[in-house]
Amino acid sequence: MFKILELSSTSAAPPIQIGDRFATREDALKAVRRHLKSFKASGHNPEECYWWARDSEGLRKCWVSADE
């Protein structure tokens, strides 16, 4: 199982889970892309393996994590 985690640059809180858990990594990647479409500015950082989005609250980082 896989999950999507999101970390806000303006909060000291731990990452939050976005959506449900996914059976495959591919399903989770599709969900990340759908989630990012809700932001005007977003992209992917392949060197660090995360996606980013920027909104009025600042920078957010998203990544796919294997469920523990």
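Per chain, residue numbering runs from 1 following the sequence as it is written. Thresholds applied to this predicted model are a pLDDT of at least 70 for local features of residues and 80 or more for the giving and counting of side-chain atom pairs; totals over whole chains, interfaces and linings are not thresholded and use all residues. With hydrogens and water excluded, all non-hydrogen atoms of the structure serve as input to the side-chain values.

Draft legend 1. Spotlight on the packing of aromatic side chains. Note on aromatic pairs: the rings of Phe, Tyr and Trp (six-membered ring only in Trp) are paired at centre separations within 6.5 Å, and the planes decide the class, stacked below 30 degrees, edge-to-face beyond 60, tilted for the rest. Here the structure, examined in full by the defined rule, presents 0 aromatic pairs. Placement of a positive charge over a ring is assigned whenever Lys NZ or Arg CZ falls within 6 Å of the ring centre and within 35 degrees of the normal to the ring plane. When the ring centre of Y50 is taken as origin, the NZ or CZ atom of K61, which lies over that ring, is 4.9 Å away.

Draft legend 2. Structural view of the pattern of salt bridges. Criterion for a salt bridge: a side-chain nitrogen of Lys or Arg within 4 Å of a carboxyl oxygen of Asp or Glu. Counted by the stated rule, this structure contains 5 salt bridges. Across the pair K3 and D67 runs a salt bridge whose closest N-O atoms are separated by 3.8 Å. Of this pair, K3 sits in strand 1 (residues 2–8) while D67 is found in the segment after strand 5 (58–66), placing the two residues 64 residues apart along the sequence. Salt-bridge contacts for R21 lead to D67; the nearest nitrogen and oxygen are separated by 2.4 Å. Of this pair, R21 sits in strand 2 (residues 16–22) while D67 sits in the segment after strand 5, and the two are 46 residues apart along the sequence. Taking relative accessible area as the criterion, D67 reaches 25% and is therefore assigned partly exposed. Helix numbering and strand numbering both begin at the N terminus, where a helix is a DSSP run of H or I of at least 4 residues and a strand a DSSP run of E of at least 2. Residue exposure (1.4 Å probe, protein chains only): buried if accessible area is under 20% of the type maximum, exposed if over 50%, otherwise partly exposed.

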